[in-house]
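# Secondary and tertiary structure notes
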Amino acid sequence: MKYQIVIAGFGGQGVVFLVKVLALCAGNRDLKFLGTENHGMSQRGGAVSCDIKIGDFSNPVIDRGQADLLIGLDANEALRNLQLLKEGGHVVSNAQDPFPEGLPFQVHTIDANAQALAGEFPIQGLNVFMLGVTLATVPDFPFSIEEIETALRQINAKVADQNIEVLHHALADAREMGE
Amino acid sequence: MKETLMGNDAIAWGLIHADVEMVSGYPGTPSSEILGMVQKIKSKLKLPVYAEWATNEKVGFEVAYAGAIAGKRTAATMKQVGLNVASDALMSAAYIGNRGGFLLIAADDPGFHSSQTEQDSRVFAKFARIPVLDPSTPQDAYDMTRYGVELSERFETPVMLRPVMRVCHAREIIEMEDATDFHPKEGKFVRNIPRWAAVPRDGRLQQGYEALDRIEAIAAYNWAEHLKPRFDALEGKSDVLILASGTGYAFTREAMEELEVEADLVKVEMPYPLPVEEIRKRFEAYEKVLVVEEPYPCIEEQVMDPAKVHGRLDKTMNRIDEMKKEHILEAFKKLGLYEGKNIYAPKLTFSIDVPPRPPALCPGCPHRDIYYAIMKVFKKSKSIYPSDIGCYTLALAQGAIDTILCMGASVSMASGLSLADPSKTVVATIGDGTFFHSGIPPLINAVYQGHRFILVILDNSTIAMTGRQVTPERFNQTLDIGRIVEGMGIKCYEHTYSHEMHKNIDFFKGIKKIFESEEHQGPLVVRVRQFCILDNERKDDWVPGEYAVVDPELCVACDQCTTVYKCPPMAYNAEGKIEIDPFLCAGCGGCLEIVCPTDAFKLDEEKSGGKQ
Ligand SMILES: Cc1ncc(C[n+]2csc(CCOP(=O)(O)OP(=O)(O)O)c2C)c(N)n1
Ligand code: SF4
Ligand code: SF4
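### Topic: the overall build of chain B
- A count of helical and extended segments in chain B gives 20 helices and 21 strands.
- Here the C-alpha radius of gyration of chain B, 27 Å, is about what a compact globule of 612 residues would show, namely 25 Å.
- Per-residue burial for chain B yields a buried fraction of 59% across its 612 residues.
- Across chain B, contacts joining residues at least 24 apart in sequence account for 75% of those joining residues at least 6 apart.
- Surface summary for chain B: the accessible area is close to 24900 Å², and the carbon and sulfur share equals 52%.
- Each charge class in chain B was averaged separately, 69 positive and 87 negative side chains, and the resulting centres sit 3 Å apart.

### Remarks on the site of ligand 1
All names here are of chain B.
- In the vicinity of ligand 1 there are 26 residues, among which Glu-57, His-367, Cys-391, Gly-433 and Thr-434 approach most closely.
- At 3.1 Å from an oxygen atom of ligand 1 is found a side-chain nitrogen or oxygen belonging to Asp-432.
- Coverage of ligand 1 by the protein amounts to 97% of the 580 Å² it exposes when considered alone.
- Those elements giving two or more residues to the shell around ligand 1 turn out to be α4 (80-96) and α16 (432-449).
- It is α16 that provides the largest number of residues to the shell around ligand 1, a total of 4 residues.
- Class assignment of the residues belonging to the shell around ligand 1 gives a composition of 11 nonpolar, 12 polar and 3 charged.
- Shared between two domains, the shell around ligand 1 holds at least three residues of each, these being domain 1 (2-197) and domain 3 (366-538).

### So, helix α13 (residues 325-334) of chain B
- For α13(B), the set of buried residues is Lys325(B), Glu326(B), Ile328(B), Leu329(B), Ala331(B) and Phe332(B).
- Where α13(B) is buried, its residues meet β3 (47-54) of chain A together with β9 (240-245), α10 (247-259) and β11 (288-292) of chain B.
- Gly336(B) occupies a position one or two residues after α13(B) and carries a positive phi of about 75°.

### What about the confidence of the model for chain B?
- Of all residues in chain B, 100% have pLDDT values of 70 or greater, and the mean over the chain is 96.
- Scored as a complex, the prediction yields pTM 0.97 and ipTM 0.95.

### Considering the interface of chain A and chain B
- Counting residues at the interface gives 56 residues for chain A, matched by 50 residues for chain B.
- Of the roughly 4300 Å² buried between chain A and chain B on both sides combined, carbon and sulfur atoms contribute 57%.
- The interface formed by chain A and chain B holds 8 salt bridges in total.
- With a closest N to O distance of 3.7 Å, Asp63(A) and Lys325(B) form a salt bridge.

### Overview of the pairing of strand β2 (residues 22-25) of chain B
Residues and elements named next belong to chain B.
- Neither face of β2 is open: one carries Met-22 and Ser-24, the other Val-23 and Gly-25, and all of them are buried.
- With 4 bridges connecting them, β2 and strand β3 (residues 50-53) associate as parallel partners. If you follow Gly-25 over to β3, its bridge partner there is Trp-53.
- In the classification by handedness, the crossover that spans β2, the intervening helix α2 (residues 33-45) and the parallel β3 is right-handed.
- With 4 bridges joining them, β2 and strand β4 (residues 74-79) adopt parallel strand pairing. Residue pairing for β4: Ser-24 is matched across the bridge by Ala-76.

### Here we look at the site of ligand 3
- The local shell around ligand 3 consists of Pro363(B), Gly364(B), Glu546(B), Ala548(B), Tyr565(B), Cys567(B), Ile580(B), Cys585(B), Ala586(B), Cys588(B), Gly589(B) and Cys591(B).
- A breakdown of the residues in the shell around ligand 3 according to their chemical character gives 9 nonpolar, 2 polar and 1 charged.

### Here's the deal with the sheet that holds strand β6 (residues 132-133) of chain B
Residues and elements named next belong to chain B.
- Spatial strand order, β3-β2-β4-β5-β7-β6: 6 strands in an open sheet with parallel pairing. Only two strands of the sheet have a single neighbouring strand rather than two, namely β3 and β6.
- Of the strands in this sheet, β4, β5 (102-107) and β7 (159-161) touch α4, which is tilted by about 135° from β4.
- Of the strands in this sheet, β5, β6 and β7 are in contact with helix α5 (residues 121-128), which crosses β7 at around 175°.

### Digging into the pattern of salt bridges
Residue and element names in this part refer to chain B.
- Evaluation of the coordinates by the stated rule reveals 43 salt bridges over all chains.
- With a shortest N-O distance of 2.8 Å, Glu-62 and Lys-58 are connected by a salt bridge. Here the residue Glu-62 and the residue Lys-58 both occupy positions in helix α3 (residues 57-69), the gap between them amounting to 4 residues, near one helical turn.
- A relative accessible area of 29% means that Lys-58 is categorised as partly exposed.
- A salt bridge links Arg-162 to Asp-108; its shortest N-O distance comes to 2.9 Å. Taken together, the residues Arg-162 in the loop between β7 and α7 (165-168) and Asp-108 in the loop between β5 and α5 connect sequence positions 54 residues apart. Accessibility classification places Arg-162 together with Asp-108 in one group, the buried group.

Rules used in this analysis
Residues numbered from 1 in each chain as written. Chains lettered and ligands numbered in written order. Predicted model: local features only at pLDDT ≥ 70, side-chain atom pairs only at ≥ 80, totals over all residues. Heavy atoms only, no water. Helix = DSSP H or I, 4+ residues; strand = E, 2+ residues; numbered from the N terminus. Rg over C-alpha atoms; globule rule 2.2 N^0.38 Å. Buried < 20%, exposed > 50% of the residue type's maximum accessible area, 1.4 Å probe, protein only. Contact = heavy atoms within 4.5 Å. Areas by Shrake-Rupley, 256 points an atom, 1.4 Å probe, with all protein chains shown as cover. Lys, Arg positive; Asp, Glu negative; His and termini not counted. Charge placed at Lys NZ, Arg CZ, Asp CG, Glu CD. Near = heavy atom within 4 Å. Polar contact = N/O pair within 3.5 Å; in protein donor to acceptor, adjacent residues only side chain to side chain. Nonpolar A, V, L, I, M, F, W, Y, C, P; charged D, E, K, R; others polar. Domains from an automatic or database assignment. pLDDT = per-residue confidence, 0-100. Buried area = accessible area lost by both parts, 1.4 Å probe. Salt bridge = Lys/Arg side-chain N within 4 Å of Asp/Glu carboxyl O. Pairing = 2+ DSSP bridges. Right-handed = clockwise from strand over helix to strand, strands pointing away. Axes fitted to C-alpha atoms, helices over the stretch in contact; angles between N-to-C directions.

Printed below as a string of structure tokens:
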């Protein structure tokens, strides 16, 4: 299997946490994993994106037109990285406004910020929330809900229950959205 | 044992598994996590390891190098520009050599992601005449760390490990040894004055001859151990031979697979010293040779043959900036290896306007407020603002910085600027980390020569930009910046950051008066005590938890807050009024006073818990 994922957001949103979760998932299934981070000089609030390559790759960088999936924790950061997607690839993004029409990709957007503002989940869980939305909307996503849950427990047992709750909240929301 | 590791963590484990017992370094992206991880392993496994941040790279290098002279296995870590600072020590150490293995880890940053230059440390190794290893993945980095320490001990020379950012900050599931037993060597300095204290001319000349023989022997070893087996295994798949090193190899392998290009590919693990004659002999079987490496043409210059060799020098590859597979595709096209379409072309045919997100200080960072106050008091038209390297460099966005050169240069440039343009007030800024690193000698210079400028030391008690490493003063309070300055015979004016902006402004008004008074001579030094909002140990003592909201009635869209103050949560909404992103606001309260000319920033009573 070969699968390339870009996760985009800004500093402080927990992009790297998701990379670690997916690395654990890959490791648990004995799949090869390569990842890298792109961020500039700012510690918080600057653009951050991570490239993840699962399967037989030798270099962690994802080139334009190659990614199977783009997860956007922020709409602008997702739009900024769209060029990395392959034709027909999936983009799953937190976004207030719909994405432009006519993109050669499969687009799934959800206003997660509004939900966090309404108190449905803590904003610190935005990363896990978007992972949940991804699980619900992307059929070829390489990992199952159970595999993600296992990884969430491995990475931090103390907050695993909260994270898994956010995950399921997102799954439910995204399924509703699909109906 | 299999483990998902970042390249820097893999290097740290490699050091431990090579029984390296002293690690000394200075933080710098992308190298910083190496020493941090050694410290973590040390405390987790309770190992008798020395792993400490030095005051700068030269000091770090020398501490570790001395350990290796005394027979221990040691390492020094730094980023590529840090090696400039350590280079004086390196050049001589390359002549003298070492007894215990000594690994110099210099991390490069092709693409200028977080560095002032794109310099190639492999070229530095060549300049110093020491061997250099170029890992292409975290796994390589782990293996080569261990190998490099052995190599150094075997040939009694410093060895450089040169990972690039895409190795340091890559994550991979790697295979490493389980063993956590540690076999440190006894440190025993054996007096050998002709060697350890060799002097010019005869002593060093003699060592120079030895160093030349050594590097020749290592080149031969490079051939026998690494390159010959690889050349021998080639199948003659095409008339183009590709030599690739580090990430260049990883990029090339993937590009060849994805483009279905067949060619002979040789991975060069040790880009210097190269057995040039042997390599050139192997070129005879090919019509063209392509060298893929980054960021400088290090291998290419060594094996150069203008009739055959292509790469960065003849622009077959990109000459600057990080390599992409697209560059390799282009090179394949130029050399006739590929004729297909550009699979790395974007799939989106129209462009989408996305507002840029330029680098910025964190929401609630006190650097922002201090710069705001400085600019209020020392007007731009009448001042020059030399600055330095650190988070505060990001105050560029506020227009609060005029010059940036390299660490420590703010102070010496303040001297030079004050001499060259006495009609302006020179207000220089430097972080506490940078002051300790290289700000002290230029301040002594300014005091003794009586240069007239103001130096503001932004003391947040951490080296924030590289991930919050400790500063000397944080570790040991006897190292007090104020007393260091006073030791130069001048006063150090103290201010404590306040989220009430008028207090910062009033302080600088007072400073201006003193500086302009008849009695004042020479440099005037200010130390501002402040904090870093990501510093969990200290921030709660400083952040008042005063969150801001904007009164839309009062906002007149004057742009003041988004140009000279610039806190990231502030942005225009659809109605053309400034709105504060509640998820980003850090509750520092800094914008509640003075920043807005119409006082539109109000305390969010509910979120701030009714605080006033
Ligand atoms: C010679 C050299 N070494 C290391 C670095 C990496 N580096 C960038 S900023 C910085 C220090 C910043 O610390 P400080 O001056 O305390 O400012 P802060 O980031 O805390 O505001 C370092 C070490 C560099 N740019 N140059
Ligand atoms: S990391 Fe600390 S010093 Fe750097 S910008 Fe953020 S708050 Fe300021
Ligand atoms: S209170 Fe104002 S200055 Fe402080 S973080 Fe919030 S918006 Fe920025």
